[in-house]
Amino acid sequence: MIAIVDYGMGNLQSVANAVEALGVDFEITNEAKKLQDADGIILPGVGAFGDGMKNLCKLKLVDLLREEIIEKKKPYLGICLGLQFLVDKGYEKGEHEGFGWIKGEVKLMEPDDPKIKVPHMGWNNIEIKKDSEIFKGLKEDPVFYFIHSFSFVLDPEEVDIITSTASHGLEIVASLQKGNIFATQFHPEKSQTAGLLVLKNFIDYCDTNSKC
Amino acid sequence: MLKTRLIACLLWRNGMLVQSMGFSHTNSVGSACTAIDFFNTWAIDEIVLLDVTRNPDDREKFHHDLKELSKRCFVPLAVGGWITSLEEIRVLLTEGADKVVMNTEAIRNESFLQDASRKFGAQCIVVSIDVRCDEKGEHIVYIDRGKERTKWSAVEWARRAQELGAGEIFLTSIDADGNRKGYDLELINLVSHTVSIPVIASGGVGDWKHFREGIESGASAISAANIFHYSEQSTKKAKDFLFDNGFNVRKPEFYNILLPRRPVYRV
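Residues numbered from 1 in each chain as written. Chains lettered and ligands numbered in written order. Predicted model: local features only at pLDDT ≥ 70, side-chain atom pairs only at ≥ 80, totals over all residues. Heavy atoms only, no water.

**Concerning the side chain of A:E158**
All names here are of chain A. Here is the rule: In DSSP terms, a helix is any run of H or I states spanning at least four residues, a strand is any run of E spanning at least two, and both are numbered starting from the N terminus. Working definition: with a 1.4 Å probe on protein chains only, accessible area under 20% of the residue-type maximum means buried, over 50% means exposed, and in between means partly exposed. The contact criterion used throughout is that any non-hydrogen atoms of two residues lie within 4.5 Å.
Mapped onto the elements, E158 comes out in the loop between β11 (150-154) and β12 (162-167). Taking the relative accessible area as the measure of exposure, E158 reaches 9% and is therefore buried. The contact partners of E158, leaving out residues within four places of it in the chain, are W101, I102, K103 and K178.

Following this line, the structure appears as structure tokens:
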């Protein structure tokens, strides 16, 4: 079973619809027991960094996620906010603490060219920097849907975890992988065939992992 | 590089899609489910679904349909019409909307727009602006389905909406709506060069070349409604046109996703 974490933010149902279309057993949940039983955890989300972290804290999910993902090495897929939470600090409407699993920060995108519009909203190419399980079978020059104003800035010692980047006036992190932690700035649930393939690859990874 | 989006606007009225002309709804053009399935396959980049029903009692049916439609839509789905509360937005998101489109209530109640943006994030909030030219050629904003004239010019309200937290502007010319003569290019030009958020051009497309004009006038995304309902592979053909003319759009391929048989409509 795949758990989709419900913390009151964003387009949960879209993620659930995509996982359902793949014919996978899933639950939208914030219950500790279900998250512990899951083969993999998807943390979706669009919205503000601070509110998202506040909700996760209120539901007592931050420590639980650390235990499952960092200690027990359960597969994790963070989408959009689920990617941004991985860092130490986010600067969206004030300064907020993130999970701190990856060294870096989340900052407002400020492209030098005033013609570049923020939010970065729409379909964009990604440039694959490093192979990752979630990219298996993707066609050449894949395109995904992005929707965000803040971007992920990694500490120089962590840059080798970046698996793809995108360009929107500046180069942004489009996806990363650190062991069992996968995360995408783009929205696979809204990126048609390419996106569903990424989700399917993640779910296949969870299956293989749970059988080991 | 970010691609220009091609958006299909679906006008939902009591369970069916309708065509619109100068904001009055003429004939029915079929089921929303069929449109969502076909446009998804035919390389559309995003769908805007607006509930244009006049009767508030039909709202329940809209919610029911949205839940079914969103299960078949794997491009972003923006949903609008009848949105007056934060709770309504929350419900739409749980039914599978990715963004919401607000219009009348955003002007009547600025703090509502501000609160919605704070709560759900600017990227979730599309402000729809309906514009009519007055006798002096000024672009004036109308609300309540084009019935009520406001004090706002299109440019001023777009700027204010961005300040209040809009993440995107859906810009419709009521004069051009349904006339098949192309967008109001001056309007697109003015608004998209005023705000720093994306502007979606809407109203008046009768030929694929109108999309080209919209993009060249500064729109980040181009949308149409009526024209997509009348031809086979419509949205893919529009994409073919843009792609072949060198515009930076997502490839015009068929994007087939295997889904269970679509639900049977209640008659």
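**Re the interface of chain B and chain A**
Which entries qualify depends on this criterion: As used here, buried area is the combined drop in accessible area, with a 1.4 Å probe, of two parts when they are placed together. Salt bridges are counted wherever a side-chain nitrogen of Lys or Arg sits within 4 Å of a carboxyl oxygen of Asp or Glu. Whenever two N or O atoms come within 3.5 Å, that pair is a polar contact, provided that in protein one can donate a hydrogen and the other can accept it, and provided that, for residues adjacent in sequence, both atoms are side-chain atoms.
With 43 residues of chain B at the interface, the matching set in chain A holds 33 residues. Between chain B and chain A, roughly 3,000 Å² of surface is buried when both sides are summed, and carbon and sulfur atoms account for 54% of that area. Among the residues chain B hides against chain A, the three largest losses belong to B:L2, B:F74 and B:Q123. Together they make up 23% of the total. Our count for the contact surface shared by chain B and chain A stands at three salt bridges. Between B:E253 and A:K139 there is a salt bridge, with the nearest N and O atoms lying 3.8 Å from each other. Here chain B is connected to chain A by 19 residue pairs in polar contact (both at pLDDT 80 or more). Sorting the residues of the side of chain B that touches chain A by element identifies α3 (86-94) and α5 (110-120) of chain B as the ones contributing at least two each. Among the elements that take part in the side of chain B that touches chain A, α5(B) stands out by supplying four residues, more than any other.

**Structural notes on the pairing of β12(A)**
Residue and element names in this part refer to chain A. Applicable threshold: Pairing between strands requires that DSSP locate at least two bridges from one strand to the other.
Within β12, five of the six residues are buried, leaving the element largely enclosed by the surrounding structure. Sheet topology places strand β9 (residues 127-128) next to β12; two bridges connect them, and they run antiparallel. By the bridge assignment, I128 is partnered in β12 with S164. Linkage of β12 to strand β13 (residues 171-178), two consecutive antiparallel strands, is achieved through a turn of three residues, within which G169 is found at a positive phi near 80°.

**With respect to the layout of surface pockets**
Operational definition: The definitions used throughout rest on a 1 Å grid laid over the protein atoms alone, on which a cavity is an enclosed set of points accommodating a 1.4 Å probe that cannot get out and a pocket is an open set flanked by protein within 12 Å on both sides along at least five of seven lines; lining residues are those having an atom within 4 Å of a point. Grid points are joined across faces, edges and corners, and a volume is the space filled by probe spheres set on the points. Amino acids outside the nonpolar list (Ala, Val, Leu, Ile, Met, Phe, Trp, Tyr, Cys, Pro) and the charged list (Asp, Glu, Lys, Arg) are all regarded as polar, and Gly is one of them.
Of the voids in this model, the largest pocket is the one considered here, and its volume is about 860 Å³. Lining of the largest pocket is provided by 42 residues; of these, B:F23, B:L50, B:V52, B:N103 and B:D130 occupy positions nearest its centre. Breaking the lining of the largest pocket down by element, the ones donating at least two residues are β1 (5-13), β2 (16-21), β4 (46-51), β6 (99-102), α4 (104-108), β7 (125-133), β10 (168-173) and β12 (221-224) of chain B. Across the lining of the largest pocket, the residue classes tally to 17 nonpolar, 16 polar and nine charged. One number sums up the size of the second largest pocket: a volume of about 680 Å³. Lining of the second largest pocket is provided by 26 residues; of these, A:K115, A:I116, A:K117, B:G218 and B:S220 occupy positions nearest its centre. In terms of residue class, the lining of the second largest pocket is made up of eleven nonpolar, ten polar and five charged.

**A word on empty space enclosed by the protein**
Gaps between atoms show up when a probe of the same size as a water molecule is rolled over them. Using the criterion set out here, one finds two cavities of 30 Å³ or more in the structure. Here the largest cavity defines a volume of roughly 80 Å³. Together, A:N11, A:V46, A:Y145, A:I147, A:H187, A:K190, B:P76, B:D98, B:K99, B:Q123 and B:C124 line the largest cavity. Split by residue class, the lining of the largest cavity holds five nonpolar, three polar and three charged. Here the second largest cavity defines a volume of roughly 30 Å³. Every residue lining the second largest cavity is listed: B:L171, B:T172, B:S173, B:Y183, B:D184, B:L187, B:I188 and B:S202. In terms of residue count, the dominant contributor to the lining of the second largest cavity is β10(B) (three residues). Residue classes in the lining of the second largest cavity are distributed as four nonpolar, three polar and one charged.

**Describing the sheet that holds strand β2 (residues 26-29) of chain A**
Residue and element names in this part refer to chain A. So the rule is basically this: Between N-to-C directions, angles cover 0 to 180 degrees, with each direction set by a line fitted to C-alpha atoms, over the stretch in contact for helices.
Pairing in this open sheet of eight strands is mixed, and the strands run β2-β1-β3-β4-β14-β13-β12-β9 from one edge to the other. The open sheet is flanked by β2 and β9, the only strands paired with a single partner. Pairing of strand β3 (residues 40-43) with strand β4 (residues 76-79), which is carried by three bridges, proceeds in the parallel orientation. Looking at the pairing, I42 lines up with L77 of β4. Where helix α4 (residues 62-71) meets the sheet, its contacts fall on β3, β4 and β14 (181-184), and the angle it forms with β3 comes to roughly 125°.

**Considerations on the nonpolar core**
In summary, soluble globular proteins display a tendency toward joint burial of nonpolar side chains. Threshold: Among buried residues, those of type Ala, Val, Leu, Ile, Met, Phe, Trp, Tyr and Cys that are joined through side-chain atoms within 4.5 Å constitute a nonpolar core.
Membership of the largest hydrophobic core comes to 112 residues, with the highest contact counts inside it found for A:I42, B:W157, B:F211 and B:F228. Residue contributions to this core peak at eight residues, all from helix α6 (residues 192-211) of chain A. Once residues within four sequence positions are removed from consideration, B:W157 is found in contact with B:A106, B:I107, B:E110, B:L113, B:V127, B:I129, B:V141, B:W152 and B:L164. Counting 35 residues, the second largest nonpolar core, distinct from the first, contains A:V5, A:L64, A:V173 and A:A183.

**A closer look at the environment of B:T94**
Residue and element names in this part refer to chain B. Counting through the fold element by element, T94 comes out in helix α3. Judged by its relative accessible area of 42%, T94 falls in the partly exposed class. Residues T94 and K67, 27 residues apart in the sequence, show an inter-C-alpha distance of 8.7 Å.

**Here's the deal with helix α8 (residues 208-216) of chain B**
Counting along an α-helix, one turn takes 3.6 residues, and residues three or four places apart therefore face a common direction. Residues and elements named next belong to chain B. Quick reminder of the rule: Regarding the arc, it is the one traced by the directions from the helix axis to the C-beta atoms.
Listed in full, the buried residues belonging to α8 are W208, H210, F211, G214 and I215. All buried residues of α8 project into a common sector of 145° when viewed along the axis, lining one side. Following α8 by one or two positions, G218 has its phi on the positive side, about 115°.

**Digging into the packing of aromatic side chains**
Here the distance between the centres and the angle between the planes together describe a pair of aromatic rings. Note the cut-off: Planes of paired rings set the category: under 30 degrees apart is stacked, over 60 is edge-to-face and the rest tilted, where pairs are Phe, Tyr or Trp rings (Trp by its six-membered ring) whose centres lie within 6.5 Å. By definition, being over a ring means that NZ of Lys or CZ of Arg is both within 6 Å of the ring centre and within 35 degrees of the ring normal.
Taken as a whole, this structure holds 18 aromatic pairs over all chains when the rule is applied. Ring geometry for A:F99 against A:W101: centres 4.6 Å apart, planes inclined by 35°, an arrangement best described as tilted. Looking at A:W101, the relative accessible area reads 10%, which means it is buried. Relative to A:Y205, the ring of A:F182 has its centre 4.8 Å away and its plane inclined at 75°; by these criteria the two rings are edge-to-face. Of this pair, A:F182 sits in strand β14 while A:Y205 sits in helix α6, and the two are 23 residues apart along the sequence. Note on A:F182: relative accessible area 0%, which makes it buried. Note on A:Y205: relative accessible area 18%, which makes it buried. By way of ring pairs, the aromatic residues A:Y7, A:F49, A:Y76, A:F85, A:F99 and A:W101 are connected into one cluster. Sitting above the plane of the B:F254 ring, B:K236 keeps its charged end 4.8 Å from the centroid. In this arrangement the basic side chain of B:R250 is found over the ring face of A:W123, its NZ or CZ atom lying 3.7 Å from the centre.

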